[in-house]
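Listed below, chain by chain, are the residues.
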Amino acid sequence: MRMRSKAKAIATMVELDLQLASEYPAPSEARFRQWCELALRQRSADSELTIRLVDEPEGRELNHTWRQKDYATNVLSFPADVPDELLDIPLLGDLVICVPVVGREAAEQGKTSEAHWAHLVIHGCLHLLGYDHIEDAEAEEMEALERTLLAELGHPDPYAGDEH
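Calculation criteria
- Residues numbered from 1 in each chain as written.
- Predicted model: local features only at pLDDT ≥ 70, side-chain atom pairs only at ≥ 80, totals over all residues.
- Heavy atoms only, no water.
- Patch = residues over 30% accessible without salt bridge, like charges linked within 9 Å, V, L, I, M, F, W, Y side chains within 5 Å.
- Areas by Shrake-Rupley, 256 points an atom, 1.4 Å probe, with all protein chains shown as cover.
- Salt bridge = Lys/Arg side-chain N within 4 Å of Asp/Glu carboxyl O.
- Lys, Arg positive; Asp, Glu negative; His and termini not counted.
- Charge placed at Lys NZ, Arg CZ, Asp CG, Glu CD.
- Helix = DSSP H or I, 4+ residues; strand = E, 2+ residues; numbered from the N terminus.
- Core = buried A, V, L, I, M, F, W, Y, C linked by side-chain atoms within 4.5 Å.
- Buried < 20%, exposed > 50% of the residue type's maximum accessible area, 1.4 Å probe, protein only.
- Pairing = 2+ DSSP bridges.
- Axes fitted to C-alpha atoms, helices over the stretch in contact; angles between N-to-C directions.
- Contact = heavy atoms within 4.5 Å.

As for a negative patch on the surface
Okay, step 1: On the surface, E135, D136, E138, E140 and E141 cluster together into a patch of negative charge.
Okay, step 2: Locating E140 in the fold gives a position in helix α5 (residues 136-152).

Here it is as structure tokens:
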């Protein structure tokens, strides 16, 4: 006799705190929520994160402070450093996105603004989940997942034409 088990769909919630600290236009909160939910759907627990949209001075200062790089970068990920006794809280961390850098990169790379924003939010969320791209094998895994998620949104491969 064959038994079937039904996997119960677990509805998880993404709590997003969107902080607007940039004078430049950016996507809607609904878009950010859509991209975060897509990137975080593999997680079986609720998730809380903050996305802070900044201009170049703040982006440069944060990149210099945390990565010792003296320029504003597109996205910085700050995973939550939660003590072991509090590991069951849903706090994932923070993303800081430099709005003018994202716009400039999209234009320079011939990508739509929407596709580039989606990629960077998904990329940042995956970092909060522990994905990385320092080692080649890790990079291949992370980039494959990004390609899959972006394709679901109808966006092209963000790495097409890149030489690693």
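So, the nonpolar core
Okay, step 1: In terms of nonpolar packing, the biggest core is built from 30 residues, with F32, C36, L49, I51 and I97 touching the most fellow members.
Okay, step 2: Of all the secondary structure elements, the ones that give two or more residues to this core are β1 (14-21), α1 (29-40), β2 (47-54), β4 (91-98), α3 (99-108), α4 (113-128) and α5.
Okay, step 3: No other element matches α4, which puts 8 residues into this core.
Okay, step 4: By size, the runner-up hydrophobic cluster in this structure holds 7 residues, among which are L62, A72, L76 and V96.

Some points on the sheet that holds β2
Okay, step 1: An order of β1-β2-β4-β3 is seen for the 4 strands of this open sheet, with the pairing classed as mixed. The two strands at the open ends of the sheet, each matched to only one other strand, are β1 and β3 (75-79). With strand direction ignored, the average angle separating the axes of adjacent strands in the sheet is 15°.
Okay, step 2: Relative to β2, β1 runs parallel, the two being bridged by 8 bridges.

Description of the environment of C98
Okay, step 1: Along the chain, C98 falls in strand β4.
Okay, step 2: Residue classification places C98 among the buried positions, given a relative accessible area of 1%.
Okay, step 3: For C98 and L53, which are 45 residues apart along the polypeptide, the C-alpha to C-alpha distance reads 5.9 Å.
Okay, step 4: Among all residues touching C98, those that are not within four sequence positions of it are V54, D55, E56, A72, T73 and N74.

With respect to the pattern of salt bridges
Okay, step 1: Taken as a whole and judged by the stated rule, the model has 8 salt bridges.
Okay, step 2: A salt bridge links E114 to R31; its shortest N-O distance comes to 2.8 Å. With E114 in helix α4 and R31 in helix α1, the pair connects residues that are 83 residues apart, well separated along the chain.
Okay, step 3: Among the ionic pairs, R41 bridges to E152, the shortest N-O distance being 2.5 Å. Of this pair, R41 sits in the loop between α1 and β2 while E152 sits in helix α5, and the two are 111 residues apart along the sequence.
Okay, step 4: In the salt-bridge network here, residues are joined through shared partners; they are E143, R147 and D157.

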